[in-house]
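Per-entry structural report
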Amino acid sequence: MRNLYHNAIKLIKNQFWINFLNNVEEKEMFQIYKFTKSRLIKKLLLIQNLQKELKIEFNEKCKTFLKAMYSSSSKIQINEELLLNESIQWSRVIKEKIKHAINFSAFRKAFESDDISFAIIQQVYKTILKIFNLMYSDLIENDYHSKIWREDTKIILKKSDKSNYSISKTYRIITLLNCLDKVAEKIIAVQLSYTVEINDKLLNFDQMRDRKQRSAINAVLNLVHDAQMTKSRENTLICLLLDVKEVFDHVALKQLIKILIKLKISVNLINWVKCFLQNRIIDLAFDDEHQKSKKISTEISQDSFISLILFLIYIRYLFSKIRAKFENLQSFSYIDDVTLYVEGRNIDKNVKILENAAKIAFTWAENNAVQFDDSKSELIHFESHKTTLNQMITLLNNMIIKSKTCVQWLEVWLNWKLNFKVHVQTKIATVTRTLHSLFRLMNSEWELNVKSEKQLYLTCVTSISDYDVEIWWNNQKAT
């Protein structure tokens, strides 16, 4: 009798699932696709601290993460005479900017523990529009960021495909920000981005991300174009790829304020940034546990609207310093990915130029509370020779970077021939895995309706296969 009962329930569930798939609506089919992916989140067993001691208790893990994530910062001391000589004007916050920041925010964004989502804010804004306009305009124009908005919850998740999960850098930090805070940050970010575009002194031209027509694809296209032009001139382009370590968590607040003053940014914005970054409180959450609130001295959240543009400003003098020393050397960056390259036929001379430029970059980083991740530094030669070159570069810390025949930069695989074979093969493998997940919903047993199958294919498969296609497509024939 018991077996008959359980079999009957199983058959009913199966029939209900088939009926659901046949009549699924557009929004629901993406939730169904999530069911094909693994949802198991394993606990963090052991975490290694800076002294390479393994920690197992929750509180000890939290201390290890905090020490790895944040560095101490001294108190801010601003030279008031410099502030009086500002030249860049800061426009007032008008109601159109507030309306845009609220209405064009994704209402499905994750929200903080106050349970106030963008969907709620958007509905309330329609009712008490004047109160919202008054609140944001007064807070921003008086250079104040609310204390409650400076409280963040950070979720710690494992990065995929890492060999050793006892190291803190193999984990991803997801920040849950207050949605009212996000609106204020978005207003400032949009205003600052506009100021950057109309004033070319704030950022270098080749600093990309969070700027119009300067995406990751534009960055890779820039490098590929220069490499192809170099090969057409029968020269060699030697490229050094550097990665800034944990960019948002190691911004020195005092140094950032000095840079803003040097760039003659408005006093109002400087004071707002100081208020925004000081006295922040975070909670760490993982393994179904929640740490008590901890005060930190400096931090720019990676999930913050304002963080990207502030970090670009923070490192803008690095490129000026390098170019002032080496006129023939090209440099540009995409957030924390810094690229230095030089063209020429004298390989040894160009390697020496790159080595000296790298020393300047590392010296600047040490003086400005920035760290480069040595393990992610890579060297590659783009050339027209039949045999690859084997030159190497020695960094300031005596670490040797050997030349590679293929590197991954901004999710694009580049080899020394620039034929993109490795990249295309990687794309095919990724698309194949995605298709196998979709086939689980498209077989004859489940019978997902044709309209939903087409929509899932266009969204999940085509988006992968067609992304960055303008970089590598050259009328290749199928093999």
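Preceding this section is the structure that the text describes.
Within every chain, residues take consecutive numbers counted from 1 along the sequence as written. Since the coordinates come from a predicted model, pLDDT governs what is reported: local features require at least 70, and pairs of side-chain atoms require 80 or more to be given and counted, while whole-chain, interface and lining totals use all residues. To obtain the side-chain values, all non-hydrogen atoms of the structure were included, while hydrogens and water were left out.

**Topic: the overall build of the protein**
Rules: Segments assigned H or I by DSSP are reported as helices when at least four residues long, segments assigned E as strands when at least two residues long, and all are numbered from the N terminus. With a 1.4 Å probe rolled over the protein chains alone, any residue whose accessible area is under 20% of its type maximum counts as buried; one over 50% counts as exposed, and the rest are partly exposed. By definition in these notes, contact holds between two residues if any of their heavy atoms fall within 4.5 Å. Each accessible area is a Shrake-Rupley estimate made with a 1.4 Å probe; only the visible protein chains count as cover when residues are assessed.
Scanning the protein from terminus to terminus reveals 17 helices and 16 strands. Out of the 479 residues belonging to the protein, those deemed buried represent 46%. Relative to all contacts within the protein whose residues are 6 or more apart in sequence, the contacts with residues 24 or more apart total 71%. Accessible surface for the protein amounts to roughly 27100 Å². Of this, 53% is attributable to carbon and sulfur atoms.

**Details of unusual backbone geometry**
One non-glycine residue, N398, lies in positive phi territory at about 70°. On the secondary structure map, N398 appears in the loop between β13 (392-394) and β14 (400-404).

**Focus on the packing of helix α8 (residues 179-198) against helix α11 (residues 267-277)**
How we decide: Between the N-to-C directions of two axes lies an angle of 0 to 180 degrees, each axis being a line fitted to C-alpha atoms and, for a helix, fitted only over the stretch in contact. The crossing is said to be left-handed when, going from far helix to near helix, the turn is anticlockwise and less than a right angle, and right-handed when the turn is clockwise.
For the pair α8 and α11, interaxial distance at closest approach is 13 Å and the crossing angle is 145°. You can see that α8 and α11 cross each other, and the crossing is left-handed. Contacts between α8 and α11 involve D181, E185, I188 and L192 from the first element and L269, W272 and F276 from the second.

**Quick notes on the pairing of β14**
Quick reminder of the rule: When DSSP finds two or more bridges between a pair of strands, those strands are recorded as paired.
Pairing analysis gives 2 bridges linking strand β12 (residues 378-382) to β14, with the strands arranged parallel. Among the inter-strand pairings, L379 is bridged to a residue of β14, identified as S403. Where β13 meets β14, 3 bridges bridge the pair, whose relative direction is antiparallel. Opposite I393, over in β14, you have I401 as the bridge partner. Two successive antiparallel strands, β13 and β14, enclose a turn made up of 5 residues, where N398 displays a positive phi of approximately 70°.

**Brief notes about the packing of helix α13 (residues 316-325) against helix α14 (residues 347-367)**
The condition that has to hold: Polar here means any residue other than Ala, Val, Leu, Ile, Met, Phe, Trp, Tyr, Cys and Pro, which are nonpolar, and Asp, Glu, Lys and Arg, which are charged; Gly is therefore polar.
Across the interface, α13 lies against α14 with an axial gap of 10 Å and an inter-helix angle of 145°. Viewed along their axes, α13 and α14 form a crossing whose handedness is right-handed. Of α14, the residues touching α13 (which contributes Y317, L318, K321, I322 and K325) are A357, I360, A361 and W364. Class assignment of the residues belonging to the contact of α13 with α14 gives a composition of 7 nonpolar, no polar and 2 charged.

**Notes on a positive patch on the surface**
Stated precisely, the cut-off is as follows: A residue counts toward a patch only above 30% relative accessible area and without a salt bridge, and it is joined to like-charged neighbours within 9 Å or, for Val, Leu, Ile, Met, Phe, Trp and Tyr, to nonpolar neighbours within 5 Å. When a carboxyl oxygen of Asp or Glu lies within 4 Å of a side-chain nitrogen of Lys or Arg, that pair is called a salt bridge. In this count, Lys and Arg are taken as positive residues and Asp and Glu as negative ones, while His and the chain termini are left out. To locate a charge, the coordinates of NZ of Lys, CZ of Arg, CG of Asp or CD of Glu are taken.
Together, K162, K169, R172, K245 and K376 make up a region of like positive charge exposed at the surface. Under the relative-accessibility criterion, K245 is labelled partly exposed at 31%.

**Considerations on the side chain of D468**
Test applied: A 3.5 Å cut-off defines polar contacts: any pair of N or O atoms within that distance qualifies, except that in protein one atom must be a possible hydrogen donor and the other a possible acceptor, and neighbouring residues in sequence count only when both atoms are side-chain atoms.
Within the secondary structure layout, D468 lies in the loop between α16 (450-466) and α17 (469-472). Relative accessible area serves as the criterion here: at 2%, D468 is assigned to the buried category. Within polar-contact distance, the side chain of D468 engages the side chain of W472 at 3.3 Å. Not counting residues within four places of it along the chain, the set of residues in contact with D468 comprises I217, E411, V412, H423 and K427.

**Quick look at the sheet that holds β13**
Whenever strands of a sheet pair, they do so through backbone hydrogen bonds, lying parallel or antiparallel. Taken in spatial order, the 7 strands of this open sheet run β5-β10-β11-β6-β12-β14-β13, and their pairing is mixed. Taken across any chain shown, the strands that pair with only one partner, and hence form the sheet edges, are β5 (207-208) and β13. Sheet strands in contact with α14 are β6 (236-243), β11 (337-344), β12 and β13, and its direction is about 20° off that of β6.

**Some words on the pattern of salt bridges**
Throughout the structure, instances matching the rule amount to 9 salt bridges. For D287, the salt bridge identified is with K61, shortest N-O distance 3.5 Å. Residue D287 is found in the loop between β7 (280-286) and β8 (289-290), and its partner K61 is found in helix α3 (residues 58-69); the two are separated by 226 residues along the sequence. Here D287 matches K61 in class, with each residue buried.

**What to know about a nonpolar patch on the surface**
On the surface, a cluster of nonpolar side chains totalling about 360 Å² of accessible area is made up of I116, I120, V124, I128 and I131. Mapped onto the secondary structure, I120 falls in helix α6 (residues 118-127).

**Considerations on α13**
Cut-off, in case you're wondering: The arc in question is formed by the directions pointing from the helix axis toward the C-beta atoms.
Those residues of α13 lying buried are R316, L318, F319 and I322. Take α13 and look down its axis: the buried residues cluster within an arc of 160°, on one side only. Exposed and facing more than 90 degrees away from the buried side of α13 are A324 and K325. Residues of α13 that are buried in the fold lie against β5, α12 (307-314), β10 (330-334), β11 and α14.

**Some thoughts on the environment of M69**
When you line up the elements, M69 lands in helix α3. Separated by 100 residues in sequence, M69 and K169 place their C-alpha atoms 8.9 Å apart.

**Observations concerning the pairing of β12**
For β12, the tally of buried residues reaches 5 of 5 residues, placing the bulk of the element in the interior. The alternating pattern of β12 places E378, I380 and F382 on one face and L379 and H381 on the opposite face, and all of these are buried. One ladder, built from 5 bridges, connects β6 with β12; its direction is antiparallel. Note that in β12 the partner of L240 across the bridge is L379.

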